[in-house]
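Here are the chains, one letter per residue:
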Amino acid sequence: MAVEVLSTADGREKTALSRRHAAAWFAARDAGTPLPIGTAQPPLRPARPDRPELLDPRDVPRRRPGSAQGRLAILHAVAHIELNAVDLHWDIIARFGRVPMPIGFYDDWVKSADEESKHFNLICDCLDAHGSHYGALPAHAGMWRAAEDTALDLMGRLAVVPMVLEARGLDVTPGMIEIFRKAGDTAAIEAMQVIYAEEVHHVAYGSKWFHFLCGRENTDPTQAFHKLVRTYFHGALKPPFNEEKRAEAGIPPDFYWPLADQPPAKA
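Rules used in this analysis
- Residues numbered from 1 in each chain as written.
- Predicted model: local features only at pLDDT ≥ 70, side-chain atom pairs only at ≥ 80, totals over all residues.
- Heavy atoms only, no water.
- Helix = DSSP H or I, 4+ residues; strand = E, 2+ residues; numbered from the N terminus.
- Rg over C-alpha atoms; globule rule 2.2 N^0.38 Å.
- Buried < 20%, exposed > 50% of the residue type's maximum accessible area, 1.4 Å probe, protein only.
- Contact = heavy atoms within 4.5 Å.
- Areas by Shrake-Rupley, 256 points an atom, 1.4 Å probe, with all protein chains shown as cover.
- Phe/Tyr/Trp six-rings, centres within 6.5 Å; stacked < 30°, edge-to-face > 60°.
- Salt bridge = Lys/Arg side-chain N within 4 Å of Asp/Glu carboxyl O.
- Axes fitted to C-alpha atoms, helices over the stretch in contact; angles between N-to-C directions.
- Parallel < 35°, antiparallel > 145°, perpendicular 65-115°, else oblique.
- Left-handed = near helix turned anticlockwise from the far one by under 90°.
- Nonpolar A, V, L, I, M, F, W, Y, C, P; charged D, E, K, R; others polar.
- Expected span 1.5 Å × (residues − 1).
- Core = buried A, V, L, I, M, F, W, Y, C linked by side-chain atoms within 4.5 Å.
- Polar contact = N/O pair within 3.5 Å; in protein donor to acceptor, adjacent residues only side chain to side chain.

Caption draft 1: Layout of the overall build of the chain. Counting its secondary structure elements, the chain contains 10 helices and 2 strands. For the chain, the sequential pattern of α-helices and β-strands runs α-α-β-α-α-β-α-α-α-α-α-α. The C-alpha atoms of the chain give 18 Å as radius of gyration, which agrees with the globular expectation for 267 residues (18 Å, within 12%). Along the first, second and third principal axes, the C-alpha atoms of the chain reach 50 × 50 × 30 Å. Looking at the chain residue by residue over its 267 residues, the buried ones come to 49%. The contacts in the chain between residues at least 6 apart in sequence include a share of 79% that link residues at least 24 apart. With an accessible surface of roughly 12,800 Å², the chain has 55% of that area assigned to carbon and sulfur atoms.

Caption draft 2: Representation of the packing of aromatic side chains within the structure. In the structure shown here, the tally under the stated rule is 12 aromatic pairs. Summarising the aromatic geometry, the rings of Tyr256 and Trp257 are spaced 6.5 Å apart at their centres and angled 40° between planes, so their arrangement reads as tilted. In terms of burial, Tyr256 and Trp257 fall into one category: buried. Here the aromatic cluster, defined as three or more aromatic residues joined through ring pairs, consists of Trp25, Phe105, Tyr106, Trp109, Tyr205, Trp209 and Phe212.

Caption draft 3: Molecular detail of the pattern of salt bridges. Under the defined criterion, the tally for this structure stands at 17 salt bridges. The partner of Glu148 in a salt bridge is Arg45, and the shortest N-O contact between them spans 2.4 Å. You can see Glu148 sitting in helix α5 (residues 145–149) and its partner Arg45 sitting in the loop between α2 (11–30) and β1 (54–55), a full 103 residues away along the chain. In this structure Glu148 comes out as partly exposed when scored by relative accessible area, which is 25%. For Lys245, the salt bridge goes to Glu248, with nearest N and O atoms at 3.3 Å. With a gap of 3 residues between them, Lys245 and Glu248 both fall in helix α9 (residues 243–248), about one helical turn apart. Exposure remark for Lys245: the relative accessible area of 21% places this residue in the partly exposed category. When salt bridges with common partners are traced through the structure, they connect Arg12, Asp125 and Asp128 into a single cluster.

Caption draft 4: View of the packing of helix α3 (residues 68–95) against helix α6 (residues 154–183). Where α3 meets α6, the axes come as close as 11 Å, and the angle between the chain directions of the two elements is 155°. Classified by the angle between their axes, α3 and α6 sit roughly antiparallel to one another. Crossing geometry of α3 relative to α6 is assigned as left-handed. Residues Arg71, Ile74, Leu75, Val78, Leu88, His89, Asp91, Ile92 and Arg95 of α3 touch α6, and the partners they reach there are Leu154, Arg157, Leu158, Val161, Glu166, Met176, Ile179, Phe180 and Ala183. Of the residues in the contact of α3 with α6, the class split is 12 nonpolar, 1 polar and 5 charged.

Caption draft 5: Broad picture of helix α7 (residues 186–216). Across its 31 residues, α7 extends 46 Å between first and last C-alpha, which sits within 8% of the 45 Å expected from 1.5 Å per residue. Positive backbone phi, at 55°, marks Asn218, one or two positions downstream of α7.

Caption draft 6: Fine view of α3. Along its 28 residues, α3 runs 40 Å from first to last C-alpha, staying within 8% of the 40 Å computed at 1.5 Å per residue. With 23 of 28 residues buried, α3 is to be regarded as a mostly interior element.

Caption draft 7: Inspection of the nonpolar core at higher detail. The biggest cluster of nonpolar side chains holds 75 residues, and the ones touching the most others in it are Trp90, Leu154, Phe210 and Phe225. In contact with Phe225, not counting residues within four places along its chain, are Ala159, Met163, Val164, Phe210, Phe255 and Leu259.

Caption draft 8: Structural view of unusual backbone geometry. Residues Arg51 and Pro52 are joined by a peptide bond in cis, for which omega reads 10°. Among the structural elements, Pro52 can be located in the loop between α2 and β1. In this chain, Pro239 is followed by Pro240 through a cis amide linkage whose omega measures 5°. In this fold, Pro240 is placed in the loop between α8 (221–232) and α9. Backbone geometry places Asn218, a non-glycine residue, at a positive phi of 55°. Structurally, the position occupied by Asn218 is in the loop between α7 and α8. For Asn218, a relative accessible area of 74% corresponds to the exposed category.

Caption draft 9: The side chain of Asp87, seen in detail. Its place among the elements puts Asp87 in helix α3. Looking at Asp87, its side chain comes within polar contact range of the side chain of Arg48, at 2.7 Å. When sequence neighbours within four positions are dropped, the list of residues in contact with Asp87 reads Val5, Leu6, Lys14, Pro46, Arg48 and Trp144.

Caption draft 10: View of the packing of helix α4 (residues 103–129) against α7. At a minimum axis distance of 10 Å, the contact between α4 and α7 shows a crossing angle of 160°. Taken together, α4 and α7 sit at an angle that is classed as roughly antiparallel. Of the two elements, α4 crosses α7, and the hand of that crossing is left-handed. By residue class, the composition of the contact of α4 with α7 is 13 nonpolar, 5 polar and 8 charged.

Here it is as structure tokens:
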């Protein structure tokens with residue numbers, strides 16, 4: 001099921017399939033007959049549509065967020081992030097099926113993939129309402145790098161994807177919501193608020209299973225996190241941090257401040 005999603009190129013088709021598979025998973029769980037966990041050979045990179053054109057992050061055009069074109073660029077970038085997140089959550093299921101994990105691990109990532117699929121479609125609906133679409137603008141080519149770098153390391157994947165990249169979404173989303181609030185874009189505000197609320201859970205799932213593995217291996221979680229992020233994440237973490245939402249997701253300050261590109265301000 002996971003590989004089928006990863007092998008589907010069109011964004012709307014990928015997310016529709018993702019949601020159908022998630023519904024089938026939870027229907028089986030509710031019936032007390034959970035689907036068996038198999039093993040698979042997922043593609044190193046998921047199938048992607050011909051558009052958007054993928055550029056080096058340094059080459060993606062920057063637009064003023066206060067302009068209509070700037071707001072479209074934000075929506076397009078968020079759609080791109082959400083589509084990658086759909087694949088990331090199915091990939092962790094397919095790629096690490098060989099690692100013995102409780103069934104709750106699969107519940108969490110199937111639920112996350114389902115919610116990311118919903119998020120992608122919400123943002124695409126906003127783009128459609130403004131006469132645009134996903135693929136109309138170029139996008140960031142580096143989104144899948146973390147998946148490739150951690151393809152053989154489940155703890156590394158949990159540290160870098162939900163606990164660094166998705167946690168970054170908790171930091172920046174309130175500012176994006178404010179941009180759309182100033183523009184009076186109700187649909188975009190509502191979509192971003194749904195994303196903001198649900199992304200906390202995805203970060204929390206990463207933290208939960210990271211701590212689970214650290215406990216199983218008798219490893220200090222903070223030290224392990226620092227080592228893995230320094231190994232797999234390219235660059236320092238960038239403040240300001242949304243400390244309240246990060247704490248809600250189970251990530252305390254001593255996880256991320258020592259990795260920041262500047263120390264915290266003194267009171």
